[in-house]
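Listed below, chain by chain, are the residues.
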Amino acid sequence: TSCTSYFYVVRHAERQDNSANSPLSATGHARAQVLKDTLKPISISRIFASTFLRTQQTAQPTATDKNLLLTIYDPDTTAGLITRLKKIKGSRVLVTGHSDNVPAIVAGLSNQTVPAINSNDFDNFFIIKIRYFFGARRWLWQKTYGAPSP
């Protein structure tokens, strides 16, 4: 039999300041609502956010809408997260990350390299489809959501 997984990978929305565990700014909270609206028609079954407040605040509106709890991961263990995600089959999963780990997560799931994410870039929306049937076949779409980043 075959099964297909979809992973929706985004960087956290705009942060309030450059402090280590900065919350989202008003603009960031607005983007988190757009993410929720973007994912509304999709049956998301798992949501991963890092230990940082900004990734959790980016994912929380979607989690609330889908009645899901966030699965928290340590952003310093990206390889471990990728291994964990690859074990999820037949589901649709949202992953919120950071500019320094989103490209690695996307590459680890899709086997395709994506460009680095600039510090002022918050609108990337990566979709990875993995179809398991006598091996794994992978697709990657790079889109944007919400207000364009500068």
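Everything quoted here is computed from the prediction, not taken from an experiment.

Next up on the list: the overall build of the chain. A count of helices and strands for the chain gives 4 helices and 6 strands. Going residue by residue from the N terminus, the α and β elements of the chain occur as β-α-β-α-β-α-β-α-β-β. Expected size for 150 residues packed as a compact globule is a radius of gyration near 15 Å; at 14 Å, the chain falls within 12% of this value. Considered along the principal axes of its C-alpha atoms, the chain spans approximately 45 × 30 × 25 Å. A burial count over the chain gives 49% of its 150 residues as buried. Sequence-distant contacts in the chain: of pairs separated by 6 or more residues, those separated by 24 or more amount to 65%. Surface accessibility of the chain: about 7300 Å² in total, with carbon and sulfur atoms responsible for 50%.

Let us now look at the pattern of salt bridges. A side chain with one charge may pair with a side chain of the opposite charge, provided their charged atoms come close. In the structure shown here, the tally under the stated rule is 3 salt bridges. Between Arg 31 and Glu 14 there is a salt bridge, with its nearest N and O atoms 2.9 Å apart. Taken together, the residues Arg 31 in helix H1 (residues 26-39) and Glu 14 in the loop between strand S1 (3-11) and H1 connect sequence positions 17 residues apart. Taking the relative accessible area as the measure of exposure, Glu 14 reaches 12% and is therefore buried. Note that Lys 36 is salt-bridged to Asp 37, the shortest N-O span being 3.7 Å. Owing to a relative accessible area of 46%, Asp 37 belongs among the partly exposed residues under this scheme.

One finds Val 9, Leu 85, Val 95, Phe 126 and Ile 128 to be the most contacted residues of the largest nonpolar core, which totals 20 residues. Taken together, the elements giving at least two residues each to this core come down to S1, helix H3 (78-86), strand S4 (92-97), helix H4 (102-110) and strand S5 (124-132). Apart from the residues within four sequence positions on either side, Val 9 is in contact with Val 95, Val 102, Ile 105, Val 106, Leu 109, Asn 124, Phe 125, Phe 126 and Ile 128. If you look at the next biggest cluster of nonpolar residues, it comprises 16 residues, including Leu 35, Ile 47, Ala 59 and Ala 63.

Below, the discussion takes up the packing of aromatic side chains. Under the criterion given, the structure shown has 4 aromatic pairs. Relative to Phe 134, the ring of Phe 133 lies with its centre 4.6 Å away and its plane at 75°, an arrangement referred to as edge-to-face. We classify Phe 133 as partly exposed; its relative accessible area is 39%. Clustering of aromatic rings is evident, with ring pairs tying together Tyr 6, Tyr 8, Phe 125 and Tyr 145. Above the face of the Tyr 145 ring, Arg 31 is positioned so that its terminal group lies 5.5 Å from the ring centre. Above the face of the Trp 139 ring, Lys 129 is positioned so that its terminal group lies 4.5 Å from the ring centre.

Analysis parameters
- Residues numbered from 1 in each chain as written.
- Predicted model: local features only at pLDDT ≥ 70, side-chain atom pairs only at ≥ 80, totals over all residues.
- Heavy atoms only, no water.
- Helix = DSSP H or I, 4+ residues; strand = E, 2+ residues; numbered from the N terminus.
- Rg over C-alpha atoms; globule rule 2.2 N^0.38 Å.
- Buried < 20%, exposed > 50% of the residue type's maximum accessible area, 1.4 Å probe, protein only.
- Contact = heavy atoms within 4.5 Å.
- Areas by Shrake-Rupley, 256 points an atom, 1.4 Å probe, with all protein chains shown as cover.
- Salt bridge = Lys/Arg side-chain N within 4 Å of Asp/Glu carboxyl O.
- Core = buried A, V, L, I, M, F, W, Y, C linked by side-chain atoms within 4.5 Å.
- Phe/Tyr/Trp six-rings, centres within 6.5 Å; stacked < 30°, edge-to-face > 60°.
- Lys NZ or Arg CZ within 6 Å of the ring centre and 35° of its normal.

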